[in-house]
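Coordinates in review
Each chain, letter by letter, is given below.
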Amino acid sequence: MDLHIIHSKITVMPHKLQFKVIHASGQDDIYRASELNHHSPLTKGWQSARFCLYPQDMVIQLETRSRLRKIQILSHQFLIPTKIEFFVGDVPDGAPLLLESARYARLGYVSLSDNEKTGYKARELKSVHVDAVGHFLKLNIHKNHVNKHNLYNQVGIIAINVIGDELRRPYDITDPDLLLDDPRIERDPALEGLFNKPDYISPLDDLAFDMYQDPEIAQIIRRLERKKQEAVLQERYDYAKRLKQAITELQKVGEKLGKMEVEKRQAVENEDYDKARLKKVQMDEYRLQVYKDLNLNDLLELTGSRHPQHIDLEPVRHYSPPTPPPRLEELPPPTIRTPPHYEEYPLPRSDSVLEVVSTKTIPSYYPFDDMPLPNQKSKSVIEPITVPAEETSKSPRPPETNRSKNNSPRTPHDSRRLPPPKLKSIKEDEEKALTLEEELPPEPENNQEAEPMSEVDLREASTAIDIFGLSLVSKAYSKTWSYREDALTAVHHQMQQMPTGNKEEAKSMLRAAIFLVKRGIDDKVYAVFRAALHLYRMLLTEFVPKHKLGKPDITSAVEKTLPNLFHKAGDTAVRNRDDAKSFIQEMASFPEVKATQTLAHECVKPFKLTLGPRHAQSRCEIVESLYQNFGLKGGLTIDNIMKFNVEGLNHNAGEVRDVIERLIKTMYKNHGAPIKDYLPPDDEKTRKNTLWRQLFEYFDQVDGKPPRTDAKKQKAEEEQKKQAEIDALQKQLQALRDMNAGKAPIDASVLSKNDPSKKAAPQKKKPEAAKVKPKGNKPTTKDDDDVSMFTVDNICIFCGERNESFTEEGLDIHYWKNCPMLKRCTNCKQVVEIATYTDHVLTECEAKSNFSKCPRCSEAIPKPEYDQHVADKACNPHKTGQNHCPLCHENISSGEDGWKEHLMGRTGCKQNPRRLLALNKPAGGAAGNKTTAARGRGGKAGSVRGRK
């Protein structure tokens, strides 16, 4: 056979392989496995049976034994499996080609996203690069992700695509005797292509192409692609250029017709036959008009080939991007959303043959899926991972999100990111950035045109091209900065000159202009950045009011551009930072933007702690400026600002925390106590942190409170005075006992001589009880009745009650059961003063580790109840300068008299059961003269050591 004929019949690059599903462990009656055998916009896909058992198995058989290079799975939008395992199957030599004879080898698995971020309205396309040989491909589909739409725990697959090469007998890729230097390779071009061919896979074989394209247009595009390869080999470059332009235009046409076909099918299902007939007429007219405009018969050379001689179809190794196509006049059918371009990213390769996994988000054409596409990516798992150094350099392009944001046409080499230089300081970084900006490319000549856009850029900018034309948008994508500036200026002029009346057209122009503004904001050249801000200002202040566009359009514009402005506000160049921050402040004052409150809400959204220091600092400065200029207006509230501040305080950069701290201080000065509700409790543990201590000290200064350090010194001095007074009281008691022991009358002057009430109020302890034996020989008189009949051991120094039964044992009983100023601790059973009960529980009690002090009411709260108690904020706040009763939780008058009136008075504490006992005692048993007792009791008393 002639060598040229052999070449013409061989496909030497990986291509789409035909297959059919021969086994499925289960299927829904409507969504059967046979749906996977064909790809089109109307494909419904396969779904498992309701409440099926997992994992589900599916086996597909290839037409011939093939080498698999790439597997693609398009998942359902909400019937999503958690993971899918892949197995390649082959039959032993001599065995029949039957499913039962297949032997499988595991390739690996991929995990699928739960799709919650997209609202279950987009489909995930997984692309897995493999290298395996076989007749069968088996899928092990694991259990579903749980969501509210998946009522029957099903899984679904919309489409499967397999790309590879057919293996031709008698030579086998797995034959160990077949070597690369085997002379048979030279004689068989197919085998040569197997060992020596590029890894290039045509976009026309991608699953996304068939799922978007009208089937008839897809077949024409494939024919034109093959014609283009022939024309290149024949060196008919003008003809190849025409074919390339036609392919680009037909791709857009095919997407529109695919969308219209789905709409027609939906109208038929809804029995809206008028709409279906209208769609059919529109599709036929549109298709014929496009064929006529492209002169399709001439392109396909159906009237006869101009070069009838045979051509050797050697593959073209370098696939160049298409040049801009000529614009076609489109018919009335609605504009269809162009699918975004997605690129594959490499994952490490191991012994498992899974090499590269890419994730794409594919929109569904059905009405419930018609929504903007999110930039969703999910991780896929490859088993044991090792990365050979020589393989990483051969990986495909990284994902689009990581590509360099220059304006040049994007190629695999352009998208590789270089490691950043290590600069000595931020200042040097800014100086270098300014230097780079000033080294602008030379101005082009007047007659020079902007370079053609790449295919990726054409798809990305399709909406803007439809509005402003290819020539203008090409300038916006040009490598020459003056062209980019001129494009923004031209858009500015067009938008200003647009007449009013057509609101829908105005909305379309606004969306297209915002797309170009976003690119301009990200531009590295300062002049282009300024032109983008100038255009954006005109859109918000002139274009929107002139055409009376609504809040949704303004909100959409602001939300799309703010991330770019935030990024620019953290730029290395000072003037870029200042201009971006100034424009955000200016934009907040625009009446149309201010009414939506969108800008404020976007600014106070907490940022991730991994955000760079410069960008985080700029965000904080923007929020600070907004608060200083507008206060709590335009969407700013204490709640959203303080949540932003608290999150910002956790950033590891000091300059970021300084801005936040400054903003918190300003807000506390203006609004006071509500700011503290968002901060940790003000206690000693919190104040150990320097940041919180500085903030709380500033709060104390604003509130007029003395610093905590001065309060501690004052407290220490008071403790020393109290101790001195206690010593003096003990000396007085000892003197009284000595006088009683000598059976001498007690002179009142003795009490007044060392009367501690003339000094500062002491902290009293229960005096040691002593037996008092009054003199039997000397009668008592009325004048000395108070002293002779009632010794110091007959008086309660806390409540002032006098009673002859108050011996040592009698006082113990009184303290233990009856004194209204005392109570027993419920934890340690020690008798303590009610006035100091809280301090006792927190500092002295055996169970003090089980309690915490509430910063609001200052009471001791059990730790298991503390968080709920603080969160509820239902307690009675402790007011400064007043006493706070731990029994009834009320604030009472300050000082000793306030405690006595509250704990012993007729209208006093209703939670003190001893108060009623004291009030109901006969007058003779009560204190007939409380003067002496009052002298024996100062201000706050300490703990009374009682029995347990």
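Residues numbered from 1 in each chain as written. Predicted model: local features only at pLDDT ≥ 70, side-chain atom pairs only at ≥ 80, totals over all residues. Heavy atoms only, no water.

As annotated in an unreviewed UniProt entry, the protein chain is Centrosomal protein of 104 kDa from Biomphalaria glabrata. Quoted verbatim from the Function (unreviewed entry) field of the UniProt record, the comment on the protein chain reads "Required for ciliogenesis and for structural integrity at the ciliary tip." (UniProt positions renumbered as here; feature names shortened; annotations may be inferred.)

1. Examining the overall build of the protein chain
Each helix and strand in the protein chain was counted, giving 34 helices and 16 strands. By element, 51% of the accessible surface of the protein chain is carried by carbon and sulfur atoms, the whole surface being about 48,900 Å². (Helix = DSSP H or I, 4+ residues; strand = E, 2+ residues; numbered from the N terminus. Areas by Shrake-Rupley, 256 points an atom, 1.4 Å probe, with all protein chains shown as cover.)

2. Points about the nonpolar core
In this structure, F468, L539, F543, M587 and L599 are the most contacted members of the largest nonpolar core, which totals 88 residues. Broken down by element, the residue count for this core peaks at 13 residues, all from helix α16 (residues 526–547). Leaving out residues up to four positions away in the same chain, M587 has contacts with Y536, L540, L562, L565, V593 and L599. One finds F19, F86, I141 and V155 within the second-largest nonpolar core, a separate group that totals 29 residues. (Core = buried A, V, L, I, M, F, W, Y, C linked by side-chain atoms within 4.5 Å. Buried < 20%, exposed > 50% of the residue type's maximum accessible area, 1.4 Å probe, protein only. Contact = heavy atoms within 4.5 Å.)

3. Description of helix α5 (residues 215–233)
Along its 19 residues, α5 runs 28 Å from first to last C-alpha, staying within 8% of the 27 Å computed at 1.5 Å per residue. Of the positions making up α5, those classed as buried are I217, A218, I220, I221, L224, E225, K227, K228 and A231. On its buried side, α5 packs onto α4 (207–212), α6 (237–269), α7 (273–294) and α8 (296–300). (Expected span 1.5 Å × (residues − 1).)

4. Examining the pairing of strand β7 (residues 122–141)
By the criterion of burial, β7 is predominantly enclosed, with 18 of the 20 residues buried. Pairing analysis gives 14 bridges linking strand β4 (residues 56–75) to β7, with the strands arranged antiparallel. Within β7, the residue paired with I71 across the bridge is V128. (Pairing = 2+ DSSP bridges.)

5. So, the side chain of D571
Turning to its location among the elements, D571 is positioned in the loop between α17 (551–569) and α18 (574–588). Of the side chains bearing the opposite charge, K568 lies closest to the buried D571, which forms no salt bridge; the N-O distance is 4.3 Å. Polar side-chain contacts of D571 include one of 3.3 Å to the side chain of N576. Here D571 is in contact with N576, R577 and R614, once residues within four sequence places are set aside. (Lys, Arg positive; Asp, Glu negative; His and termini not counted. Salt bridge = Lys/Arg side-chain N within 4 Å of Asp/Glu carboxyl O. Polar contact = N/O pair within 3.5 Å; in protein donor to acceptor, adjacent residues only side chain to side chain.)

6. Some details on the pattern of salt bridges
If the charged atoms of two oppositely charged side chains come close together, the side chains can form a pair. Under the definition given, this model contains 30 salt bridges. Measuring nitrogen to oxygen at the nearest pair gives 3.2 Å for the salt bridge that ties D284 to K280. One end of the pair, D284, and the other, K280, are both in helix α7, four residues apart, so they sit about a helical turn from each other. Take K280: its relative accessible area is 46%, and that puts it in the partly exposed class. Between R687 and D700 there is a salt bridge whose closest N-O contact spans 2.8 Å. Residue R687 is found in helix α24 (residues 684–687), and its partner D700 is found in helix α25 (residues 690–703); the two are separated by 13 residues along the sequence. One connected set of salt bridges, linked through shared partners, spans K16, D210 and R222.

7. So, α7
With 22 residues, α7 extends 31 Å from end C-alpha to end C-alpha; this agrees with the ideal 32 Å at 1.5 Å per step. Those residues of α7 that are buried lie in contact with α5, α6 and α8. Just downstream of α7, N295 is the residue with a positive phi angle, here 55 degrees.

8. Here we look at the confidence of the model for the protein chain
Here the protein chain shows a mean pLDDT of 75. Residues at 70 or above account for 71%. Here residues 1–11 is modelled with pLDDT under 50, and outside its nearest four sequence neighbours on either side it reaches 15 contacts, counting other chains as well. Counted against residues more than four places away or in other chains, residues 170–196, with its pLDDT under 50, gives 33 contacts. (pLDDT = per-residue confidence, 0-100.)

9. Some points on the environment of Q245
Within the element layout of this structure, Q245 appears in helix α6. With relative accessibility at 17%, the residue Q245 sits in the buried group. Along the backbone, Q245 and L294 are 49 residues apart, and their C-alpha atoms lie at a distance of 9.6 Å.

10. Details of the packing of aromatic side chains
Inspection of the entire model under this criterion finds seven aromatic pairs. Each ring, one from F798 and one from Y815, has its centre 5.6 Å from the other, and the planes form 80 degrees; the classification is edge-to-face. On the criterion of sequence distance, the pair formed by F798 in the loop between α28 (785–788) and α29 (808–818) and Y815 in helix α29 is long-range, its members being 17 residues apart. Just above the ring of Y477 sits the side chain of R519; from NZ or CZ to the centre is 3.7 Å. Taking the ring centre of Y698 as reference, the NZ or CZ of K665 above it sits at 5.3 Å. (Phe/Tyr/Trp six-rings, centres within 6.5 Å; stacked < 30°, edge-to-face > 60°. Lys NZ or Arg CZ within 6 Å of the ring centre and 35° of its normal.)

11. Let's talk about the packing of helix α21 (residues 613–630) against helix α23 (residues 654–671)
Relative orientation of the contacting elements α21 and α23 amounts to 15 degrees, with a least axis distance of 8 Å. Comparing their axes, α23 and α21 come out roughly parallel. Judged by the twist between their axes, the crossing of α21 over α23 is left-handed. Between α21 and α23, the contacting residues are P613, A616, Q617, C620, E621, V623, E624 and Y627 on the first element and E655, V656, V659, I660, R662, L663, T666, M667, N670 and H671 on the second. (Axes fitted to C-alpha atoms, helices over the stretch in contact; angles between N-to-C directions. Parallel < 35°, antiparallel > 145°, perpendicular 65-115°, else oblique. Left-handed = near helix turned anticlockwise from the far one by under 90°.)

12. Some details on the state of the cysteines
Covalent bonding between the sulfur atoms of two cysteines is what defines a disulfide. According to the stated counting rule, one finds zero disulfides in the structure shown. Unpaired in this structure, C799 has its nearest cysteine sulfur neighbour in C796, at a distance of 3.5 Å. (Disulfide = S-S within 2.5 Å.)

13. Some details on the environment of L626
Structurally, L626 can be placed in helix α21. Contact partners of L626, with chain neighbours within four places excluded, come to Q585, A588, L599, C603, G631 and L636.

14. A closer look at the packing of α16 against α17
Between α16 and α17, the least distance of the axes is 13 Å, while the angle of their chain directions is 155 degrees. When the axis of α16 is compared with that of α17, the two are roughly antiparallel. Seen along the crossing, α16 lies across α17 with a hand that is left-handed. Here F529, L533, Y536 and V544 of α16 lie close against α17, whose contacting residues are I554, A557, V558, T561, L565 and K568. For the contact of α16 with α17, the per-class residue count stands at eight nonpolar, one polar and one charged. (Nonpolar A, V, L, I, M, F, W, Y, C, P; charged D, E, K, R; others polar.)

15. Some thoughts on unusual backbone geometry
Of note, the amide linkage connecting Y54 to P55 takes the cis form, showing an omega dihedral of 0 degrees. Inspection of the secondary structure assignment puts P55 in the loop between β3 (46–47) and β4. Residues other than glycine seldom take positive phi values, yet F51 does so here, at roughly 50 degrees. Structurally, F51 can be placed in the loop between β3 and β4. Even without a glycine there, the phi angle at Y120 is positive, about 60 degrees. As for its placement among the helices and strands, Y120 is situated in the loop between β6 (103–111) and β7.

16. Concerning the environment of I675
Relative to the helices and strands, I675 is located in the loop between α23 and α24. Classification of I675 as buried rests on a relative accessible area of 0%. Sequence-distant contacts of I675, defined by excluding residues within four places in its chain, comprise I638, M642, I664, M667 and Y668.

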